[in-house]
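Chain by chain, the residues:
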Amino acid sequence: MPRASKTKAHNDPAAVLPPPTDWRTTDDHELLKRKLRAREERHRVANTDPRHPIFSNFEVRSPSGMTYRVEVRDVASRQFSCTCTDFRVNALGTCKHVEAVLLQLGGRHRAEFKGQTSPRIDVIPSVDGLRVERGLDKLPPALRARFNPSGLQRLDLAPEDIVAELAASRSPALRISQDVTHWLESRRRADERILLRRDYEAGVRDGRHPEHVTLSPLFPYQREGMLHLAFGERVLLADEMGLGKTIQAIAACTLLHHLGKAKRALVVTPASLKTEWEEQIRKFTTLPLRLVFGGRAARARLYTEADPPFFTIANYEQIVLDSLDINEGLRADIVILDEAQRIKNWSTKTAQAVKRLASRYAFVLTGTPIENRIDELRSLVDFLDPALLGPLFRFNREYYTFDDKGRPESYRNLDKLRDRVRPLILRRRKADVETELPDRTDRNLFVPLTPTMRDEYSGYEKQVGDLVMKSKRRPLTPREQDLLMILLNMMRMVCDSPSIIKKSPCQDCPKLDELARVLDESLSDSDVKIIVFSEWEGMLAKVRAWAEKEGIGFAWHTGSVPQKRRRAEILAFRNDPDCRLFLSTDSGGVGLNLQNASVVVNCDLPWNPAKLEQRIARAWRKNQRSAVTVINLIAENTIEHGMLGSLANKIELAQGVLDGIGDLRGIKLKRGRQELLKRLEQVMANVESVRSGGSERVVVSDPAAAFARRARERLGDRLAHCDEMCLPGSDVPVLLAVIRGPLDGQRPLIEETFRDTAWRGDKPALHILDTAAWDALQRLASAGMITIHVRATRPLLPADSQHSLTPEQLARIASLRAAAEKKRRAAQALIAAGLPDEASPLAEAAEQAEAQARIIEKRRA
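Residues numbered from 1 in each chain as written. Predicted model: local features only at pLDDT ≥ 70, side-chain atom pairs only at ≥ 80, totals over all residues. Heavy atoms only, no water.

Engineer: Would you mind going over the nonpolar core in detail, with residue names and values included?
Structural biologist: The nonpolar side chains of soluble globular proteins are, as a tendency, buried together. By size, the foremost hydrophobic cluster in this structure holds 57 residues, and its most contacted members are Leu515, Ile530, Val532, Trp546, Leu581 and Val601. In terms of residue count, helix 21 (residues 478-496) provides more of this core than any other element does, seven residues in total. Contact partners of Val601, with chain neighbours within four places excluded, come to Leu515, Val518, Ile530, Ile531, Val532, Phe533, Ile631 and Leu633. (Core = buried A, V, L, I, M, F, W, Y, C linked by side-chain atoms within 4.5 Å. Buried < 20%, exposed > 50% of the residue type's maximum accessible area, 1.4 Å probe, protein only. Helix = DSSP H or I, 4+ residues; strand = E, 2+ residues; numbered from the N terminus. Contact = heavy atoms within 4.5 Å.)

Okay, structure coming up:
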């Protein structure tokens, strides 16, 4: 360091620190940060053993209200210990609490503080066992014999026995480090987890323990998840949405209660899901529960009840204020974080409060542990085991490279990151473990804007274009960045209706007319229930007004609905046959189980593709018995139209680190603002591509749809079907083309079109059938002789271009007629038994099912 820097640092130590945006800190920088915090923050320090003024143990109360214990063993060689997380993981040998103690000792005992060495005999833990740090020769001979000449314990002796002998000694200079207790407890728990799991699995085999501790049996993969949570102790369950993470966590809690390892569990969940947890707990266990409501004082009293129920269910907002009260009063054995992406940003008050929660067991549940950057995964792991990935500054050094300003430039060592977190994370995808999910069909319905809407949209679009052009010349100011986000939201609102923007006089809403047609068709089947999502409550209000006018029952689930009322709305949709619609903002996009719905309508596309899948997973999930249809209403030639391509992109980072898919070396770091602008440019380019094609309705970033369009242009009505399908257990899609007439002349045209299409990522497999073969397969499937099973189907031709029934419609017809035949036979059996009155309702139901089948036959896809 130059002399001038030394002088400046002496006057202002913070001056030598790099700016906060520069992540290239050294250990010296990090040490200096902790010394500065010790000076700036007001820590209250108390010596717990005044007989030793310097080489003692101290209690340090931080401004946050937390109390830590600091141990000073040697000042010259800087041998310290602190119970805080930072000391345990930073590998600096200090923390702000240690530095606060040193500041006080330096002021009170200046002379002794600098030159004196410790007169105490300190016993500490090490990698190889207990070790005498100094003063081995001062130990009584009997105790000295427990260690070798270098101070390390004899390996033929148990450390627990040695600690017991040391504790019984009356040597006044002997001190067993506070770290020993934690070290022994960690050893004990690690051994116990292994033995406990062996005993449980052996007990299941010989009948001592139940295989299923829940009221309903679990699927095999869910039982695996239960064991991962219960015997992993502090672990993450990252199953894809819809596979039952809630049920697996409840089962793990029930198992630990059965084994006598847990008496209290705290569930931390979004406010909208508290009643969902209540319902699932009551459904799968008999363990008592309570929901946390009320003001701060009422909640504090709740946590201190002498005999609380097993489950306490609170929301994240309450934990921000209540974490210390919960630690002191409730003392939960298990903490469950549901939708744990809420703590993915480590610097938020919510994340910091949640990470103060103390418990032996911790279950983190999220289907999206990585949405944008690996820092999010680190924040989740930090709650479970801070030592695994270490402090943020070491994590950054290991997994990022930096530019010349110290900003993250690219990822590195992602393979090591994946291997390091693998023991903690259990993740299953629907394609891997759930081959019995029903089919899913995705349909995009394009709706043109009215001239008035187009004028208003163009005004916002021009302002966005101006800002994007500015960003190419110079970085946008914070005010300009905020304005850009506002304008983008305005454009998206106009796509629904300008009327949902405050003071906009235009009431046009063509999406509502299109939605009304969809709802009329879908609701003609009395068994169908529909979820309607919109990001804007104003759009949902228009749907609600339509439902009220038509006399259709609905449930209302938005952020403005009180928590207790939300439960009544959910139950009405599930249990009331007249409640046909579930109208929800994204407050209902996570956690809810709505498998009684078979149609999901998105009035608008979310900017984040993960949100779209979260919405759909409310219906397309485990225990869904019907095929699920997803309908996206898209404003034509707008930002929504351009977003289709970006929503189709794979989330490479999450798949690479979590699922081991793809080449980790090729994953690029995406910076927030820069990535937004890059994606916005792509979206706007897609829109321009759409507009330049006149009536073209396929964006260039959707090659499957582009292939179907070109094939239709070349073959005309001879192309009967063209669908994109996802098969169970495969990430590579399949394209199915069904041709009218002989294949010989048509196959080369289809194959040439397929070769000429520019595919992104994995190239799909192409299968070509003639209508005779396809119809034969459908007849065999309808007769139950074969099963045509796909995970999802997307028709690639416009609805008026596919004149034969879809596989989903044929399957529905077969199901209805099978049910009708079953009811007819039952009716005939009752008539034969002399019970015509009982037979009449069955005969009527059979006729209704047959009538529904005929209605579907008259429709076309």
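Engineer: Account for a nonpolar patch on the surface, with residues named and values stated.
Structural biologist: Taken together, Leu777, Leu780, Met785, Ile786 and Ile788 make up a surface patch of nonpolar side chains, about 390 Å² in accessible area. Relative to the elements of secondary structure, Ile786 occurs in the loop between helix 31 (771-782) and strand 26 (792-795). By relative accessible area, Ile786 is classed as partly exposed at 31%. (Patch = residues over 30% accessible without salt bridge, like charges linked within 9 Å, V, L, I, M, F, W, Y side chains within 5 Å. Areas by Shrake-Rupley, 256 points an atom, 1.4 Å probe, with all protein chains shown as cover. Salt bridge = Lys/Arg side-chain N within 4 Å of Asp/Glu carboxyl O.)

Engineer: Tell me about the side chain of Glu71, and please be specific about residues and values.
Structural biologist: Structurally, Glu71 can be placed in strand 3 (residues 67-74). Side-chain polar atoms of Glu71 contact the side chain of Asn57, separated by 3.3 Å. Among the polar contacts listed, one links the side chain of Glu71 to the side chain of Arg73, at a separation of 2.9 Å. Once residues within four sequence positions are removed from consideration, Glu71 is found in contact with Ser56, Asn57, Gln79, Phe80, Ser81, Arg175, Ser177 and Gln178. (Polar contact = N/O pair within 3.5 Å; in protein donor to acceptor, adjacent residues only side chain to side chain.)

Engineer: Kindly report on helix 4 (residues 96-108), identifying the contributing residues and their values.
Structural biologist: With 13 residues, helix 4 extends 18 Å from end C-alpha to end C-alpha; this agrees with the ideal 18 Å at 1.5 Å per step. For helix 4, every residue scored as buried is listed here: His97, Val98, Glu99, Ala100, Val101, Leu102 and Leu105. (Expected span 1.5 Å × (residues − 1).)

Engineer: How would you sum up the pattern of salt bridges? Please name residues and give values.
Structural biologist: Summed over the entire model, instances satisfying the criterion amount to 59 salt bridges. Lys261 is the salt-bridge partner of Glu192, the closest N and O atoms lying 2.7 Å from each other. In this pair, Glu192 is assigned in helix 8 (residues 178-206) and Lys261 in the loop between helix 10 (245-258) and strand 9 (265-269), connecting sequence segments 69 residues apart. Two residues, Arg373 and Asp375, come together in a salt bridge whose shortest N-O distance is 3.6 Å. What emerges from the salt-bridge pattern is a single network uniting Glu185, Arg188, Arg189, Glu192, Arg193, Glu233, Lys261 and Arg360.

Engineer: Please give an account of the packing of aromatic side chains that cites residues and values.
Structural biologist: Enumeration according to the criterion identifies eight aromatic pairs in this entry. Ring centres of Tyr200 and Phe231 lie 6.1 Å apart, and the angle between their planes is 40°; on these two criteria the pair is classed as tilted. With Tyr200 in helix 8 and Phe231 in helix 9 (residues 220-232), this pair connects stretches of sequence that are 31 residues apart. Summarising the burial analysis for this pair, Tyr200 and Phe231 share the class buried. Here the aromatic residues Trp23, Tyr400, Phe402 and Tyr411 are joined through ring pairs into a cluster of three or more. A cation over an aromatic ring shows up here: Arg544 above the ring of Trp556, its NZ or CZ 4.0 Å from the ring centre. (Phe/Tyr/Trp six-rings, centres within 6.5 Å; stacked < 30°, edge-to-face > 60°. Lys NZ or Arg CZ within 6 Å of the ring centre and 35° of its normal.)

Purely geometric stuff here, so don't read any function into it on its own.
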